[in-house]
Amino acid sequence: MNIKMVDLKGQYDKIKKEVDFEIQKVIDNTTFINGPKVNEFSESLSNYLGGINVVPCANGTDALQIALMALDLKPGDEVIVPVHTYVATAEVIALLQLKPVFVDVHPDFFTIDITQVENKITEKTKAIVPVHLYGQCVDMELILEIANKHDLFVIEDTAQAIGAIYTFSDGRECMAGTMGNIGTTSFFPSKNLGCFGDGGALFVNDDDLAKRCKMIANHGQRIKYYHDIIGCNSRLDSIQAAVLDVKLKYLDQYCESRQNAAKFYDELFVGVGAIQTPKSFSNSTHVYHQYTLILDDGINRKEMQEYLKDKGIPSMIYYPVPLHKQKGYIQSDSNNSFPVTEKLSETVLSLPIHTEMTQDEQKYIVSSIKEFLKL
Ligand SMILES: Cc1ncc(COP(=O)(O)O)c(C=O)c1O
């Protein structure tokens, strides 16, 4: 079997006609940059998310950077982030001469350990960046409570969880990325809503803040050649917007396929005690950007990966080196121990999951894992 971590070709084949038609339209109009399709897609996405302002940009990393710039944080200000995340979350903080303050994650849910957040707040703390890692929302009710209490901004990193729904204790449902001051996402091809290159967006409730984000993404200008604030060049191009506008129509279906695949994996792993399957919060749906296992200490992960690879089964480690141990991010603070993340970096393993997954592929993957474990 030729199993892929993500089957973008299979997904494209099913919507080829629509996608090719829309791409061709952009080519025919030659409206490659800032064309009407970018606004159309932004409006479609805004409707999907419940009406929030959508500011498109060039990628998910830029979205985070623009968010921090728009909130006018100053060098030395501290921003709280989970230590178990993709580097982009912390990278932009450091890039703007702010200080990333790492917090360990929950051992079962992989997302920021909310019980540890308040301990990390100082008079310099200005923002928290909860990351909806692997596809489910952080407990936003608690995050927002802490943020309100300490007057902090909240930037939700939704790169891995677009389409997930969080339910507050009063029954209110919100889409991932729409609950904080700003939500950011990535349209990297393998993301749940991915384009055919790079792309990203910010979700902003406050109209003035949305305008500011839009200006920053466009060289700080509202009127061409009048640069009121310092910005950057971060555009979603029209071809990517055309692809995304088609794929957005299928996003719920894509999320459902991933959820079904995850459910089937869960069933296949029943009784395999040495492997912990992903646990989901009761107050968030999970859109399974990743299906990430935790392996028991006794399992040699490297050997298991090699064994699977030889059988045509890819697997990935998100993330092999925790941020606080990355050379570019080592901090000298004494309060710098993150045992959960350190353990996860040695024990997590993500299996293939995507919209085109078949049950036969999944049976083959899990039976190969059981074979390796001699079960
Ligand atoms: C959690 C998280 N944040 C940010 C990003 C950055 O997105 P991009 O690659 O579009 O810059 C990613 C992408 O992998 C991500 O997974």
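Parameters at a glance
- Residues numbered from 1 in each chain as written.
- Predicted model: local features only at pLDDT ≥ 70, side-chain atom pairs only at ≥ 80, totals over all residues.
- Heavy atoms only, no water.
- Helix = DSSP H or I, 4+ residues; strand = E, 2+ residues; numbered from the N terminus.
- Polar contact = N/O pair within 3.5 Å; in protein donor to acceptor, adjacent residues only side chain to side chain.
- Contact = heavy atoms within 4.5 Å.
- Near = heavy atom within 4 Å.
- Areas by Shrake-Rupley, 256 points an atom, 1.4 Å probe, with all protein chains shown as cover.
- Buried < 20%, exposed > 50% of the residue type's maximum accessible area, 1.4 Å probe, protein only.
- Pairing = 2+ DSSP bridges.
- Axes fitted to C-alpha atoms, helices over the stretch in contact; angles between N-to-C directions.

J.: Describe the side chain of Lys37, and please don't skip the residues or the numbers.
T.: With respect to the helices, strands and loops of the structure, Lys37 is situated in helix α2 (residues 36-48). Separated by 3.4 Å, the side chains of Lys37 and Glu22 make a polar contact. Within polar-contact distance, the side chain of Lys37 engages the side chain of Asp245 at 3.4 Å. Apart from the residues within four sequence positions on either side, Lys37 is in contact with Glu22, Ser238, Ala241, Ala242 and Asp245.

J.: Tell me what's going on with the site of the ligand, and back it up with residues and numbers.
T.: Close to the ligand lie Asn59, Gly60, Thr61, Tyr86, Ala88, Thr89, Val131, Asp157, Ala159, Gln160, Ser186 and Lys191. Within the contact set of the ligand, an oxygen atom lies 2.8 Å away from a backbone nitrogen or oxygen of Gly60. At 2.9 Å from an oxygen atom of the ligand is found a side-chain nitrogen or oxygen belonging to Gln160. Notes on the ligand: free accessible area 390 Å², of which the protein chains cover 91%. Taken together, the elements giving at least two residues each to the shell around the ligand come down to α3 (60-70) and α4 (87-95).

J.: Quick one: what's the story with unusual backbone geometry, residue by residue and with numbers?
T.: Look at the link from Tyr318 to Tyr319: it is a cis peptide, with omega at 15°. Mapped onto the elements of the fold, Tyr319 is located in the loop between α9 (301-310) and α10 (339-347). For Asn34, which is not glycine, the phi dihedral falls at a positive 55°. Position of Asn34 relative to the elements: it lies in the loop between α1 (8-29) and α2. Classification of Asn34 by relative accessible area gives exposed; the value is 54%. A positive phi angle is found at Lys374, which is not glycine, with a value near 60°. Here Lys374 is to be found in the segment after α11 (359-372). A relative accessible area of 74% means that Lys374 is categorised as exposed.

J.: Provide a residue-level description of the pairing of strand β13 (residues 291-295), including the pertinent values.
T.: Within β13, five of the five residues are buried, leaving the element largely enclosed by the surrounding structure. Alternating residues of β13 divide into Tyr291, Leu293 and Leu295 and Thr292 and Ile294, and every residue in both groups is buried. As paired elements, strand β12 (residues 275-276) and β13 share two bridges and run antiparallel to each other. Bridge pairing in β13 places Gln276 opposite Ile294. Note that β13 and strand β14 (residues 348-351) share four bridges and pair antiparallel. Residue Leu293 lies in a different strand from β14, and its bridge partner there is Leu349.

J.: An account of the environment of Ile93 is requested, with residue identities and associated values reported.
T.: Along the chain, Ile93 turns up in helix α4. Remark: the alpha-carbon pair of Ile93 and Leu64, spanning 29 residues in sequence, is separated by 8.5 Å. Aside from chain neighbours lying at most four places away, what touches Ile93 is Leu68, Val79, Val81, Leu98, Lys99 and Pro100.

J.: How would you summarise the sheet that holds strand β3 (residues 99-103) if you had to cite specific residues and measurements?
T.: One open sheet holds the seven strands; their spatial order is β1-β9-β8-β5-β4-β2-β3, and the pairing between them is mixed. With partners counted over all chains shown, the strands left at the sheet margins are β1 (53-57) and β3, one partner each. Here the average twist between neighbouring strands, direction ignored, is 25°. The pairing of strand β8 (residues 182-186) with strand β9 (residues 200-204) spans five bridges and is antiparallel. Note that in β9 the partner of Gly183 across the bridge is Phe203. With respect to the sheet, helix α6 (residues 207-217) is in contact with β1, β8 and β9, its orientation differing from that of β1 by roughly 10°.

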